[in-house]
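Each chain, written out:
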Number of protein chains: 2
Amino acid sequence: MKTVYIDIYGADIGPEPIIRGALTALERYADLHICFIGDRDIITAAVNDPQLLESRVSIMHTTDYVTNDEPASCVFNGRDNSTIVMGLTALKQDENAIGFLSAGSTGALFVGSIFRLGLVCGLKTPALCSVIPCCDGKLLALLDCGANMDCRSQDLVNFALMGSALMKSLGESPAPRVALLSVGREDSKGNKLTQEAFSKISALPVNFIGNIEGLDVVSGEAEVIVADGFSGNILLKTIEAVGKSGIAAVNDALKTCDTAAKADLEKVKARLSVSYDFNPYGGASFLGTVKPIIKMHGSATEITPSSCIDQLIKMENANYRQGQIDALSLAQ
Amino acid sequence: MKTVYIDIYGADIGPEPIIRGALTALERYADLHICFIGDRDIITAAVNDPQLLESRVSIMHTTDYVTNDEPASCVFNGRDNSTIVMGLTALKQDENAIGFLSAGSTGALFVGSIFRLGLVCGLKTPALCSVIPCCDGKLLALLDCGANMDCRSQDLVNFALMGSALMKSLGESPAPRVALLSVGREDSKGNKLTQEAFSKISALPVNFIGNIEGLDVVSGEAEVIVADGFSGNILLKTIEAVGKSGIAAVNDALKTCDTAAKADLEKVKARLSVSYDFNPYGGASFLGTVKPIIKMHGSATEITPSSCIDQLIKMENANYRQGQIDALSLAQ
């Protein structure tokens, strides 16, 4: 049995769609068990199936959750009854647990992943990794995408190793192409941090293809893009914002267009949505933790928990946890 | 008389379209004089108008120019006959000179702007500033966009002051809204550099609206976005790449679409082009120099020099040079 723990709070759409969306994954995975963490009454009503609650769905009752306005450090020592701390503790203690999903405070998950769950291989910090679609429908792992603002070059080395291991385990490539986010392709381009990281990553046994610049990140040249969390976050959010503005332009045209134009406009919309609608991917993984955590976006939709569970199952089936440890040991 | 110096080399399309494009500006500005720097024969043939060459167009003959493969430092001490050094020297010495356009090596222009032209107010480095279109057709100044990789917070303060002065002189706003590129809106978000810069910029007499994140940069909330050159370059190139991919999707659809759909697709293309086709803006300005330099993109088209001249004339008419000095003196 594989158990996924799910914090029902934190999404803009409220707990019910998160619960309903997660349940759809039970149909795909016969050995999946889901444990929802949150208010018992809300969960029972949303599941609305006594037989599931007998067999494949369990509940950890609490009504406390960490809000985005609270300091992340509140989970460091205390808040034992918050959904995030309960989830991280269960993830650590339950041998069947394969992952934890939460749309709650990223900061609390970050701090909690270090102090409540634990990191592997003596890491000082986990990486936050977004897996997003790329121009040709393939997937792209971007890390760090916003957890580590000021990085050392050794952090970027660890990101390269963990990102490569992740994309292997997700079946994207046997030798994922790893690129370093910079301002030009030439080896010497970049700031002090990336210049130092460039030579270190070059020495790793990963498929390092060198620097990549903003113009090329959506070109499909790399499966893994390594960045400090500040520039990685700017990259991720800018792709999303500009991509969305393209989809919005087509949507506006669809409202007033000639009937004969609908089909062609829908085709353009579909093509842009494949690349820039991040909702089906709606989460970012913490890597380097002893077991995977996926932070769902606040804007998660009903399909988000289901696709996040897909990712956790893939990671578990490919033994990502061991793959990550093997990869990181190469950096020591 | 206002003289603009133009390096004819460096653009992918070659010198002739750059020359022809620049000439169109003569029709708009009766007191404009253009001095082309490059091979006399090429310039004479492209201008192809003896009367213009008698009156409003002059030539500084040379066949030497700095390539992108050469170290930028070659202009520090030497290469006196290269187009870039000749242009910067003329810009400094000719009292009528109001600006210099070049599609040549950004690095050579950067080094040359410091050692051959000079900076104002004791600045240690110029800023590279791109003025790009924004979602609502307004303009947005982004600086630094790639010249200064590792910035101090004082650099970001100077960028805020110079960017605000530029957008005033371009007539975009009497009190341009200045935002600091970061990973979230809250004051405390960001890395050490932006956190330090945030409090310093808050104390300036500019219209500082706080942090802006990747999701909002194309929203039209700010007229000036301040960033270190590393993350600014990533922002700029990512907007361009994702925007272009949207235009490309529409172009592909236009090739195969129903005839009745053409008009609606063209409308979408026009809307996306207004925001994401940077060719009409095709240059980035060095700010903080004693006189303005505009670096045209390598991908400059025939309309690029003409629109860059528009910008130089606007800056001159609004007395940008003095405005910049006045602004920077507020930071001392």
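See the structure printed just above.
Residues numbered from 1 in each chain as written. Chains lettered and ligands numbered in written order. Predicted model: local features only at pLDDT ≥ 70, side-chain atom pairs only at ≥ 80, totals over all residues. Heavy atoms only, no water.

A. Main features of the overall build of chain A. Along the backbone of chain A there are 11 helices and 11 strands. The C-alpha atoms of chain A give a radius of gyration of 20 Å, which matches the 20 Å a tight globule of 332 residues would have. When its C-alpha atoms are laid out on the principal axes, chain A stretches across 60 × 60 × 40 Å. Per-residue burial over chain A gives 60% buried out of 332 residues. Looking at chain A alone, contacts between residues at least 24 apart form 70% of all its contacts between residues at least 6 apart. (Helix = DSSP H or I, 4+ residues; strand = E, 2+ residues; numbered from the N terminus. Rg over C-alpha atoms; globule rule 2.2 N^0.38 Å. Buried < 20%, exposed > 50% of the residue type's maximum accessible area, 1.4 Å probe, protein only. Contact = heavy atoms within 4.5 Å.)

B. Representation of the sheet that holds strand β7 (residues 177-182) of chain A. All names here are of chain A. Spatially, β3-β2-β1-β4-β11-β10-β5-β6-β9-β7-β8 is the arrangement adopted by the 11 strands of the open sheet, whose pairing is mixed. Single-partner strands in this sheet number two, and they are β3 (57-61) and β8 (207-213). Ignoring which end each strand starts from, the neighbouring axes of this sheet average 25° apart. (Pairing = 2+ DSSP bridges. Axes fitted to C-alpha atoms, helices over the stretch in contact; angles between N-to-C directions.)

C. Expanded view of the interface of chain B and chain A. Each side of the interface is counted separately: chain B has 44 residues, and chain A has 44 residues. Carbon and sulfur atoms supply 69% of the area that chain B and chain A bury against each other, a total of about 3,600 Å² over both sides. If you look at where chain B meets chain A, you find four salt bridges. The partner of A:D252 in a salt bridge is B:R271, and the shortest N-O contact between them spans 2.8 Å. The tally of links between chain B and chain A comes to 12 residue pairs in polar contact (both at pLDDT 80 or more). Going through the elements one at a time, α7 (192-202), α8 (229-256) and α9 (262-276) of chain B are the ones with two or more residues in the side of chain B that touches chain A. At 20 residues, the largest contribution of residues to the side of chain B that touches chain A is made by α8(B). (Buried area = accessible area lost by both parts, 1.4 Å probe. Salt bridge = Lys/Arg side-chain N within 4 Å of Asp/Glu carboxyl O. Polar contact = N/O pair within 3.5 Å; in protein donor to acceptor, adjacent residues only side chain to side chain.)

D. Up close: helix α6 (residues 153-169) of chain A. Residues and elements named next belong to chain A. A rise of 1.5 Å per residue sets the reference length of α6, with its 17 residues, at 24 Å; its end C-alpha atoms lie 25 Å apart and thus fit the reference within 8%. Across the 17 residues that make up α6, a large majority, 15, are buried. Just downstream of α6 lies G171, where phi reads positive at about 75°. (Expected span 1.5 Å × (residues − 1).)

E. Just the pairing of strand β5 (residues 127-133) of chain A, in detail. All names here are of chain A. Counting buried positions along β5 gives seven out of seven residues, so the element sits mostly inside the fold. The side-chain alternation of β5 yields two buried faces, one formed by A127, C129, V131 and P133 and the other by L128, S130 and I132. Across four bridges, the pairing between β5 and strand β10 (residues 283-287) is antiparallel. Bridge assignment links C129 to a residue of β10, and that residue is S285. As paired strands, β5 and strand β6 (residues 139-143) are joined by five bridges and run antiparallel to one another.

F. Up close: helix α2 (residues 40-47) of chain B. All names here are of chain B. All buried positions along α2 are accounted for by I43, A46 and V47. Mapping the buried residues of α2 onto a view down its axis gives an arc of 95°, with all of them on the same face. The exposed residues of α2 that point more than 90 degrees off its buried face are D41 and A45. Those residues of α2 that are buried lie in contact with α1 (15-28), β2 (32-38), α3 (50-55) and β3 (57-61). (Arc of directions from axis to C-beta.)

G. Expanded view of the pattern of salt bridges. Applying the stated criterion across every chain, the model contains 34 salt bridges over all chains. For A:R185, the salt bridge identified is with A:D216, shortest N-O distance 3.0 Å. Remark: A:D216 occurs in the loop between β8 and β9 (224-226) and A:R185 occurs in the loop between β7 and α7 (192-202); sequence separation between them is 31 residues. Exposure remark for A:D216: the relative accessible area of 14% places this residue in the buried category. Here B:D155 and B:R152 are joined by a salt bridge, their closest N and O atoms 2.8 Å apart. In this structure, a network of salt bridges that share partners links the residues A:D64, A:E70 and A:R79.

H. Geometry of the environment of A:T67. Mapped onto the secondary structure, A:T67 falls in the loop between β3 and α4 (83-93). Spatially, the C-alpha atom of A:T67 lies 9.9 Å from that of A:T106, the residues being 39 residues apart in sequence.

I. Spotlight on the environment of A:D258. Note that A:D258 resides in the loop between α8 (229-256) and α9 (262-276). Classification of A:D258 as partly exposed rests on a relative accessible area of 41%. Taking the C-alpha atoms as reference, A:D258 lies 46 Å from A:L166; in sequence the two are 92 residues apart. Look past the residues within four positions of A:D258 in its chain and what remains in contact with it is B:A260 and B:D264. At a separation of 3.0 Å, a polar atom in the side chain of A:D258 contacts the main-chain amide nitrogen of A:A260.

J. Quick look at the pairing of β2(B). Residue and element names in this part refer to chain B. For β2, the tally of buried residues reaches seven of seven residues, placing the bulk of the element in the interior. Across six bridges, strand β1 (residues 2-7) lies against β2 in parallel orientation. By the bridge assignment, I6 is partnered in β2 with F36. Regarding topology, α1 serves as the crossover connection from β1 to the parallel β2, and that connection is right-handed. By the bridge criterion, five bridges tie β2 to β3 in an arrangement that is parallel. Along β3, the bridge assignment pairs G38 with H61. (Right-handed = clockwise from strand over helix to strand, strands pointing away.)

K. Layout of the side chain of A:T289. Residue and element names in this part refer to chain A. Topologically, T289 is positioned in the loop between β10 and β11 (293-296). Classification of T289 as buried rests on a relative accessible area of 2%. For T289, the side chain forms a polar contact with the main-chain oxygen of K291, separated by 2.6 Å. In this view, T289 contacts S113, L117, G118, L119, V120, P126 and Q324; residues no more than four positions away in its chain are not counted.

L. A look at the relation of the copies chain B and chain A. Superposition record for chain B on chain A: RMSD 0.0 Å, screw rotation 180°, translation along axis 0.0 Å. One copy is carried onto the other by what is essentially a two-fold rotation axis. Closest approach to the rotation axis among the C-alpha atoms of chain B is made by B:A261, whose C-alpha sits 2.0 Å away. Here 100% of the contact residues of chain B are again contact residues in chain A; the copies associate through an equivalent surface. (Least-squares fit on C-alpha atoms with pLDDT ≥ 70 in both.)

M. Inspection of the sheet that holds β2(B) at higher detail. All names here are of chain B. What the 11 strands build is an open sheet, ordered β3-β2-β1-β4-β11-β10-β5-β6-β9-β7-β8; its pairing is mixed. Strands with a single pairing partner mark the edges of an open sheet, and in this sheet they are β3 and β8 (207-212). Adjacent strand axes in the sheet meet at a mean angle of 25°, parallel and antiparallel pairs treated alike. One ladder, built from four bridges, connects β1 with strand β4 (residues 97-102); its direction is parallel.

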